[in-house]
Amino acid sequence: MTRTQTLPDATGHFGPFGGTFVPETVMAALEELEQAYAAARRDAAFRRELTTLLRQYAGRPTPLYFARRLSRTLGDIRVYLKREDLLHTGAHKINNTLGQVLLAVRMGKRRVIAETGAGQHGVATATACALFGLECEVFMGEADTRRQALNVLRMRLLGARVTPVRSGSRTLKDACNEAIRNWVTTVRTTHYCIGSVVGPHPYPRLVRDFQSVIGREARAQILAAEGRLPDLAVACVGGGSNAIGLFHPFFRDRRVRFVGVEAGGQGLGTSHHAATLVRGRPGVLHGARTLVLQDRAGQILTTDVLAAGLDYPGVGPEHAYYRLIKRAEYVAVTDAQALKACALLSNTEGIIPALEPAYAIAHLAAIAKRLRRGSIVVVGLSGRGDKDLPVITERLLG
Amino acid sequence: MESIRGTFERLRRARRRALIPFIMGGDPDLAATGQLLLTLEAAGADLIEVGVPFSDPLADGPIIQAAATRALQRGTTPHQVLQAVRAVRPRLRAPVVCLTYWNPLMQYGRDNGQAFLKASRACGIEGVVVPDVPLEEAGPLRRAAEATGTAVILLVAPTSPPARLRAIARASQGFIYYVSVTGTTGARRALPPQLMEGLRQLRLITTKPVCVGFGISTPAQAAAVARMADGVIVGSALLQAMGQARSRAGAISAAGRFIARLRRAV
């Protein structure tokens, strides 16, 4: 057993990160969730039900697609895309929400709440709730309800209530605050379905476990396709769930280098970025000790980047830990680079990515020439671009 | 100046209950903070909670959130709030405790709270309430507080199971902060019916003073809570009363009148 197999520790810490920094009112519910999850993990029926849903309903396994034209365009490397964009609802988020909603049912909770940025987690939660007949309320920053209007409509059609959040920067950070406040009030009957590897223990571990299906499949698929492990795994990081899902199953494969790509917005020299792992300092946000974008006095900064799903001043504590122990490297690319990568992938492969994974593609494009010839790269293609078409077309074609 | 323990002992001997108003440091402005402390004591406050504003106050409802946002928009820093308390501290008898969140507290000296607690103690602050630090994470805070002689006041909630209740009651210093409702701070029309039973349960396991906060807004509610608790904490309703005034002076006198009215009930 290596160290991450035993991480987080029993109190939810990844080294100095993680933990449970929440109001006392929800502590009992977190304990209940931890116990329910521990029991579910040992229960073959639960595992079978989740696996069946992932296969028959969500569309797993997703292909690991060799992107021949993209590879050739970038240089002498072999790029594989882990196609989470092909899942039901259009992104990796469904892996987690099916797991959590199954847990909610086990715990007898009839109502589920969620926060959402790009709306993908909100849609995935609303979908799982519709599937199980649970009441669903999604908190979404008002600014995000506008730039991701299509997802708001999808959630409503799925029967969820979408509550716009008008405090702070009116984006994901504020949606998280409001979801936690609502949970503090409704905790006896409600499960809070967190959408990323953030929040208090046990969420970072729980969401990582549900998302690790990405990396487990990718590992087997690349071995089958190439007969060896990749040199590099690249994924975008907002809260960090698709990146941890891809990285974690390769943790012990020390030769596989991890690069997490954050949204650099208009550049790290401006205040318009969300490069938490690159520029943040240790702090506490939304229940966990992690890296946080904050001012000198510890006030959380508002972020402002093109991709709503990366527009967040915190990050999962496990990423902060990977950075600390230098297991992963974290970088930032600008919105403009991401838009260009969107066009690149659309033109070379006929795949329109969501804005979020476009940051990962953009970073790969930037470093491809420096990679050793014949390098094998796995990129987490976390979602598809339908939701972003208005923004992408306005910025690229308009 | 009295200690928290001294205040509760004196009140117990007199068979009186503590009235504990909450104000947000820097709201409506920093000059008002010191004046409010003096006015609240004159109106009958036995202990006063001063908030250090944080950008993302998870445990707070809309009224206290808005007060924090206003204070931050004026550029209020934790240091300034501490200095505002210090300026009037010699003229106050009532102990002052500080309510804030873990991030601004730990960032003050980037040292897990040691620098903040040293500074707050030097400004005459007797205790801290940090609603996002539950017992499990309270180790660093408690160690830093112990070094300065500051009380770490812990919260119990209606959802705290018996074993947690006992552990928190044992560990809390100064008093135990009983959260009356399953929810965030904010004035409510009615208090939950289970409140009295919850307080009775807590009384069975501790002799420490128990003060009740979250949701108390009227003299009648305060009087009902005072029958079962050692103290009544009022925040949102006080800020609401202040918010109706047009000027700083008006807000301060509104605060005084509001607390005097509650004083007659408690």
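Details of the structure are given in the entry above.
Parameters and conventions
- Residues numbered from 1 in each chain as written.
- Chains lettered and ligands numbered in written order.
- Predicted model: local features only at pLDDT ≥ 70, side-chain atom pairs only at ≥ 80, totals over all residues.
- Heavy atoms only, no water.
- Helix = DSSP H or I, 4+ residues; strand = E, 2+ residues; numbered from the N terminus.
- Rg over C-alpha atoms; globule rule 2.2 N^0.38 Å.
- Buried < 20%, exposed > 50% of the residue type's maximum accessible area, 1.4 Å probe, protein only.
- Areas by Shrake-Rupley, 256 points an atom, 1.4 Å probe, with all protein chains shown as cover.
- Pairing = 2+ DSSP bridges.
- Axes fitted to C-alpha atoms, helices over the stretch in contact; angles between N-to-C directions.
- Contact = heavy atoms within 4.5 Å.
- Core = buried A, V, L, I, M, F, W, Y, C linked by side-chain atoms within 4.5 Å.
- Expected span 1.5 Å × (residues − 1).

### Describing the overall build of chain B
(1) Moving on: Tallying secondary structure elements over chain B gives 12 helices and nine strands in all.
(2) Moving on: Radius of gyration (C-alpha) of chain B: 17 Å, near the 18 Å computed for a compact globule of 266 residues.
(3) Moving on: Seen through its C-alpha atoms, chain B measures out along the principal axes to roughly 45 × 40 × 35 Å.
(4) Moving on: Relative to its 266 residues, chain B shows a buried fraction of 61%.
(5) Moving on: Summed over its atoms, the accessible surface of chain B is roughly 10100 Å², and 52% of this surface lies on carbon and sulfur atoms.

### A few points about the sheet that holds strand β4 (residues 77–83) of chain A
All names here are of chain A.
(1) Moving on: Ordered in space as β3-β4-β14-β9-β10-β13, the six strands form an open sheet in which the pairing is mixed. Bordering the open sheet on either side are β3 (64–66) and β13 (328–333), each of which pairs with just one other strand. Within this sheet the neighbouring strands show an average axis-to-axis angle of 25 degrees, counted without direction.
(2) Moving on: On the sheet, helix α13 (residues 317–324) packs against β10 (257–263) and β13 and is oriented at approximately 110 degrees with respect to β13.

### Quick notes on the nonpolar core
(1) Moving on: Among the nonpolar cores identified, the biggest contains 93 residues, and B:L37, B:W102, B:L141, B:F175 and B:Y177 are the most heavily contacted of them.
(2) Moving on: Non-local contacts of B:L141, meaning those with residues more than four positions away in its chain, are made with B:W102, B:L105, B:L117, B:V128, B:V130, B:V133 and B:V152.
(3) Moving on: Of all hydrophobic cores here, the second largest spans 62 residues; its members include A:M27, A:A124, A:V187 and A:I194.

### Focus on the sheet that holds strand β6 (residues 135–141) of chain A
Residues and elements named next belong to chain A.
(1) Moving on: What the four strands build is an open sheet, ordered β7-β6-β5-β8; its pairing is parallel. The sheet terminates laterally at β7 (161–165) and β8 (190–192), the two strands that pair on one side only. If you compare each strand with its neighbour and ignore which way they point, the axes differ by 25 degrees on average.
(2) Moving on: In this structure, β6 lies alongside β7, joined through five bridges in parallel fashion. What sits directly across from M140, in β7, is P164.

### As for the pairing of β4(A)
All names here are of chain A.
(1) Moving on: For β4, the buried fraction is high: six of the seven residues fall into the buried class.
(2) Moving on: The pairing of β3 with β4 spans three bridges and is classified as antiparallel. Within the sheet, the bridge partner assigned to Y65 lies in β4 and is L81.
(3) Moving on: As paired strands, β4 and strand β14 (residues 375–381) are joined by seven bridges and run parallel to one another. Along β14, the bridge assignment pairs L81 with V379.

### Notes on helix α12 (residues 248–265) of chain B
Residue and element names in this part refer to chain B.
(1) Moving on: For α12, which comprises 18 residues, the first-to-last C-alpha distance of 26 Å matches the rise-based estimate of 26 Å (1.5 Å per residue) to within 8%.
(2) Moving on: Among all positions of α12, only G250, A251, I252, A254, A255, G256, F258, I259, L262 and R263 are buried.
(3) Moving on: Of the surrounding secondary structure, the elements contacted by the buried residues of α12 are β1 (18–24), α2 (30–42), α10 (219–226), β9 (231–234) and α11 (236–243).

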